[in-house]
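One-letter residues, chain by chain:
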Amino acid sequence: MANVPGEDVAVLLLRVLPADLAENVLGQMGADEEARLRTKLRAAPAEPPPPTELDAALAQFFDVDRIVSSISRATKGNEPAEEPGPPVNPIDELRTIPADQLARALDGEQSGAIAMLLSALDAKTTGNVIRRLPAEIRPEIALRLTKPGPRNLALLHPLAKAVLEKIRRLKDVPAEPSQDELIQNLADMLRTFPRTDRTPVVLKLEETDPELAARVIEKLYRIEDILRIPDRQVQMLLGKLDVKTVAVALKGAAPTIRQKVTSNMSSRSKSVLEEESELLGSIADSVVREAQSSVLGAIRKGEEDGQITMD
């Protein structure tokens with residue numbers, strides 16, 4: 001590595017920098033030098049360079065930096081040097097950043113750089129960050145975190161500083177909504193539509209993207225919608241549902257919802273519901289959601305068939 005041309009060293013270092021920082025560095029160069037480096041970056045292998053090459057490249061970089069700094073100080077004469085402030089460890093500052101902010105700053109960066117930064121954090125924070133990153137890069141990051149070896153602080157500190165600066169820039173920029181948030185927003189909007197206006201939209205969604213339509217429909221109906229259904233229609237709905245399913249669906253529901261249901265049951269059905277509710281005990285949330293899905297599915301079908309009209 002000692003005889004490697006300076007541009008090759010620059011390409012190697014640019015490959016491991018965060019994308020925005022690398023772009024910033026390239027933007028400070030002359031047009032010809034920038035064009036040559038970009039050509040070499042495009043031709044560089046996709047896999048990250050070995051740690052030994054990185055160490056050697058960094059050694060050359062800091063040697064040159066020391067030489068330039070010495071020359072710069074010499075040209076300034078005997079001006080008194082400013083007293084340096086207390087050193088700030090960027091890793092310590094990085095450990096204070098919430099996982100959601102850190103994940104937002106790391107999204108889109110190289111998996112090698114992400115793994116290097118996460119290796120300096122505690123396991124809980126690392127897990128929370130990885131969970132918020134795109135699913136396709138999680139396995140590679142996790143694999144890199146399992147590889148033993150000393151941390152390269154000469155590279156880790158500049159990376160941490162760059163990510164901290166990116167976090168500061170993103171602080172006032174609204175985060176892009178996630179797909180779940182977009183789906184929830186669409187469902188909330190559709191809930192404000194009358195059934196006659198909402199149904200064509202849902203049918204079109206089912207035709208073009210059945211998976212997306214299923215996720216929207218899942219959020220479109222809620223167990224509290226029972227309160228919006230007239231009593232006679234609630235009685236018709238309950239006649240199509242198993243009492244045990246209703247008992248599970250009402251687990252943890254608001255008292256007003258339970259009152260609406262029981263007030264539209266016969267005495268015998270109400271007794272069975274109370275017995276089933278007492279026998280439930282502690283059940284998993286997934287079981288409750290499944291029972292509620294059955295009830296909401298019946299509400300949706302009744303509305304589509306014109307048998308249910310919600311206020």
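Residues numbered from 1 in each chain as written. Predicted model: local features only at pLDDT ≥ 70, side-chain atom pairs only at ≥ 80, totals over all residues. Heavy atoms only, no water.

As recorded by an unreviewed UniProt entry, the chain carries the name Flagellar motor switch protein FliG and is attributed to Gemmata palustris.

This part is about the environment of S277. Mapped onto the elements of the fold, S277 is located in helix 17 (residues 267-280). Spatially, the C-alpha atoms of S277 and V243 are 9.8 Å apart, while their sequence positions differ by 34 residues. The contact partners of S277, leaving out residues within four places of it in the chain, are A247 and R258. (Helix = DSSP H or I, 4+ residues; strand = E, 2+ residues; numbered from the N terminus. Contact = heavy atoms within 4.5 Å.)

The biggest cluster of nonpolar side chains holds 36 residues, and the ones touching the most others in it are L102 and L106. Elements supplying a minimum of two residues to this core: helix 1 (6-16), helix 2 (19-27), helix 5 (90-94), helix 6 (99-106), helix 7 (111-118), helix 8 (123-132) and helix 10 (153-170). Considering each element in turn, this core owes the most residues, seven residues, to helix 10. Excluding residues within four positions of it along the chain, L106 makes contact with I114, L117, L118, V129, L133 and V163. In this structure, I183, L190, A291 and L296 belong to the second largest nonpolar core, which totals 34 residues. (Core = buried A, V, L, I, M, F, W, Y, C linked by side-chain atoms within 4.5 Å. Buried < 20%, exposed > 50% of the residue type's maximum accessible area, 1.4 Å probe, protein only.)

Another aspect to go through is the packing of helix 8 against helix 9 (residues 138-145). The interhelical angle for the contact between helix 8 and helix 9, taken along N-to-C directions, is 155°, at an axis separation of 10 Å. Viewed along their axes, helix 8 and helix 9 adopt a mutual orientation that is roughly antiparallel. Where helix 8 crosses over helix 9, the handedness of that crossing is right-handed. Residues T126, I130 and R131 of helix 8 pack against R138, I141 and L145 of helix 9. Along the lines of polarity and charge, the residues of the contact of helix 8 with helix 9 split into three nonpolar, one polar and two charged. (Axes fitted to C-alpha atoms, helices over the stretch in contact; angles between N-to-C directions. Parallel < 35°, antiparallel > 145°, perpendicular 65-115°, else oblique. Left-handed = near helix turned anticlockwise from the far one by under 90°. Nonpolar A, V, L, I, M, F, W, Y, C, P; charged D, E, K, R; others polar.)

In this section: helix 18 (residues 285-304). The terminal C-alpha atoms of helix 18, which comprises 20 residues, lie 28 Å apart, in line with the 28 Å expected from a rise of 1.5 Å per residue. Turning to helix 18, its buried residues number three or more, namely V288, A291, Q292, V295, L296, I299, R300, G302 and E303. Contacts made by the buried residues of helix 18 are with helix 12 (195-208), helix 13 (210-220), helix 14 (231-238) and helix 15 (243-249). G306 lies just past helix 18 and shows a positive phi near 80°. (Expected span 1.5 Å × (residues − 1).)

Turning to the packing of helix 12 against helix 18, a few remarks are in order. For the pair helix 12 and helix 18, interaxial distance at closest approach is 11 Å and the crossing angle is 115°. By the angle between their axes, helix 12 is roughly perpendicular relative to helix 18. Read as a crossing pair, helix 12 and helix 18 show a hand that is left-handed. When helix 12 is examined against helix 18, the residues R195, R198, V202 and E206 are found in contact with a partner set consisting of R300, E303 and E304. Residue classes in the contact of helix 12 with helix 18 are distributed as one nonpolar, no polar and six charged.

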